[in-house]
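Observations on chain architecture
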Amino acid sequence: MSFSSRTKAELAKERIKDDCCKIAALSALMRMSGSLQLASGSKKRLRISTESYAVTRWTIKLAKSLYHLESETLILERKRLGKNRSFAILLFGDAIERTLLDTGFLEETKEGIILGSGIPENFLQNDCCRRSFLRGAFMGGGSICNPEKGYHFEFAVASEQFAQDLCNLLNSYDLNAKIVTRKGLYVVYLKESDKITEFLALIGANGALLELENVRTEKDFTNNINRKFNCETANIKKSVNAAVRQSEMIRYLLDNGEFSKLSPELREIAELRIDNPELALAELGALLDPPLGKSGVNHRLRKLEDIALSIKRQKGDA
Ligand SMILES: [Zn+2]
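Model, not experiment: these values are computed from the prediction. (Residues numbered from 1 in each chain as written. Predicted model: local features only at pLDDT ≥ 70, side-chain atom pairs only at ≥ 80, totals over all residues.)

Taking 1.5 Å of rise per residue, 15 residues should cover 21 Å, and helix 2 (residues 19–33) covers 21 Å from first to last C-alpha, within 8% of that figure. Among the 15 residues in helix 2, 13 count as buried, and that is most of the element. (Helix = DSSP H or I, 4+ residues; strand = E, 2+ residues; numbered from the N terminus. Expected span 1.5 Å × (residues − 1). Buried ≥ 20, exposed ≤ 12 C-beta atoms within 10 Å, placed from the backbone.)

Quick look at the environment of S5 now. As for its placement among the helices and strands, S5 is situated in helix 1 (residues 3–13). For S5, a count of 17 C-beta atoms within 10 Å translates into the label partly exposed. Taking the C-alpha atoms as reference, S5 lies 22 Å from L185; in sequence the two are 180 residues apart.

Turning next to the sheet that holds strand 2 (residues 44–50). Spatially, 1-2-4-3 is the arrangement adopted by the four strands of the open sheet, whose pairing is antiparallel. Only two strands of the sheet have a single partner each, and these edge strands are strand 1 (34–38) and strand 3 (70–76). Each adjacent strand pair in this sheet contributes to an overall mean axis angle of 25 degrees, direction not counted. Strand direction decides the pairing type here: strand 1 and strand 2, joined by five bridges, are antiparallel. Opposite Q37, over in strand 2, you have R45 as the bridge partner. (Pairing = 2+ DSSP bridges. Axes fitted to C-alpha atoms, helices over the stretch in contact; angles between N-to-C directions.)

Of all hydrophobic cores here, the largest spans 54 residues; its most connected members are A25, F133 and L166. At nine residues, helix 2 tops the list of elements feeding residues into this core. When residues no more than four places from it in sequence are discounted, the contact partners of L166 are A137, F155, V157 and V188. Among the nonpolar cores identified, the runner-up in size contains 15 residues, and L281, L292, V297 and L301 belong to it. (Core = buried A, V, L, I, M, F, W, Y, C linked by C-beta atoms within 7 Å. Contact = placed C-beta atoms within 7 Å.)

This paragraph deals with helix 6 (residues 160–171). Helical geometry note: an α-helix holds 3.6 residues per turn, so side chains three or four residues apart project in the same direction. If you check helix 6, its first and last C-alpha atoms are 16 Å apart, about what twelve residues at 1.5 Å a residue would give, namely 16 Å. Buried within helix 6 we find F162, A163, D165, L166, L169 and L170. Axial view of helix 6: buried residues confined to an arc of 165 degrees, hence all on one face. Packing partners of the buried residues in helix 6 comprise helix 2, helix 5 (127–141), strand 8 (153–157), strand 9 (178–182) and strand 10 (185–190). (Arc of directions from axis to C-beta.)

To continue, consider the domain arrangement of the protein. Considered domain by domain, the protein is made up of domain 1 (3–204) and domain 2 (211–315). If you average the C-alpha positions of domain 1 and of domain 2, the two centres end up 47 Å apart. Between domain 1 and domain 2, the residue contacts involve six residues of the former and five residues of the latter. Along the lines of polarity and charge, the residues of the side of domain 1 that touches domain 2 split into three nonpolar, two polar and one charged. (Domains from an automatic or database assignment. Nonpolar A, V, L, I, M, F, W, Y, C, P; charged D, E, K, R; others polar.)

Take unusual backbone geometry next. Negative phi is the rule for most residues except glycine; trans is the rule for most peptide bonds. Here D289 and P290 are connected by a cis peptide whose omega angle stands at 0 degrees. Positioned with a positive phi, D174 is a non-glycine residue whose angle comes to about 60 degrees. Turning to its location among the elements, D174 is positioned in the loop between helix 6 and strand 9. We note that K183 has phi near 50 degrees; this positive angle belongs to a residue other than glycine. Within the secondary structure, K183 is located in the loop between strand 9 and strand 10. A tally of 6 C-beta atoms within 10 Å means that K183 is categorised as exposed.

On to the pairing of strand 6 (residues 112–115), then. The pairing of strand 5 (residues 106–109) with strand 6 spans four bridges and is antiparallel. Its bridge partner lying in strand 6, E108 is registered against I113.

This next bit is on the sheet that holds strand 9. Reading across from one edge, 7-8-10-9 is the order of the four strands in this open sheet, with antiparallel pairing throughout. Here the strands that pair on one side only, and so sit at the sheet edges, are strand 7 (142–144) and strand 9. When strand polarity is set aside, the average angle formed by the axes of neighbouring strands in this sheet is 30 degrees. Sheet topology note: the strand 7/strand 8 ladder contains three bridges and is antiparallel.

Side chains Y186, V188 and L190 of strand 10 all project onto a buried face; the interleaved residues L185, V187 and Y189 project onto a face where none is buried. Strand direction decides the pairing type here: strand 8 and strand 10, joined by five bridges, are antiparallel. Bridge pairing links F155 to V188 in strand 10. The sheet contact formed by strand 9 and strand 10 spans five bridges and is antiparallel. Pairing of K178 across the sheet is with Y189, part of strand 10.

On to the packing of helix 2 against helix 5. Between helix 2 and helix 5, the shortest axis-to-axis distance is 7 Å and the interhelical angle comes to 35 degrees. Both helix 2 and helix 5 take part in a crossing whose hand is right-handed. Mapping the contact onto sequence places C20, C21, A24, A25, L26, S27, A28, L29, M32 and S33 in helix 2 and C128, C129, S132, F133, R135, G136, A137, M139, G140 and G141 in helix 5. Here the contact of helix 2 with helix 5 is composed, by residue class, of 13 nonpolar, six polar and one charged. (Left-handed = near helix turned anticlockwise from the far one by under 90°.)

Next up, the structure:
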């Protein structure tokens, strides 16, 4: 499951308390992924498309609890396109007209009923509804990049006005959202990892938030030691052969993306070695908490060398 799908599945389990927020969430979801259909006898139906089973269940439950809408779900296999299956949910029933108007999917004007354009004002009044609207929008069409690969979050929408309103709503929480056009769509996006984290907190996706934070800490750590390495290698005296050899293999592990896979004990000793190229093993050990004797330090550095060597062999670098 992708990071996006996992986050949506997590949110689908969260209960929305108040009706005001439920309508806000449903409204956003409908605007992101709904289209209007006219069935026989000019009865209206709303079709919602999603790739997530969790979102499918969530939508049906929401529509039922608010408006007693009936539903039908179609499963669309898309294996040939190299994608997973997706779902089309059809919502219909006596209250469909009212649902469409309450959610702002349709708007009543003097000229008659038209498709809604921006975010209806009533969903922007209370903080609870604003967050819920963002959550619904995420469920309906938000996508978030796997943090291991990079930091990117976006909503892609067809309406310029809706995109602008979404962007303003995000920025009312100081998230530095921006809009770009892509293939005829308006893409509202967040780029900074701390803003994406804040967004996840805002919509209550705490599991996803933790996952992202963990990856971020890991990356910061690796960047940090990389920086140290670049400052410190210049200080390593050529005469300290062992330290040079150890530093080189730590460099090798870093360059090959293996460093973050090491155990905390090994990373700790690696970091100390780079910080203190001039120290003997016993002195290095004294810096650890709890302190470690000379043979313990030697054992860890040996282990590091073994790992580096076996990776070199695997890659044919040895
Ligand atoms: Zn509310």
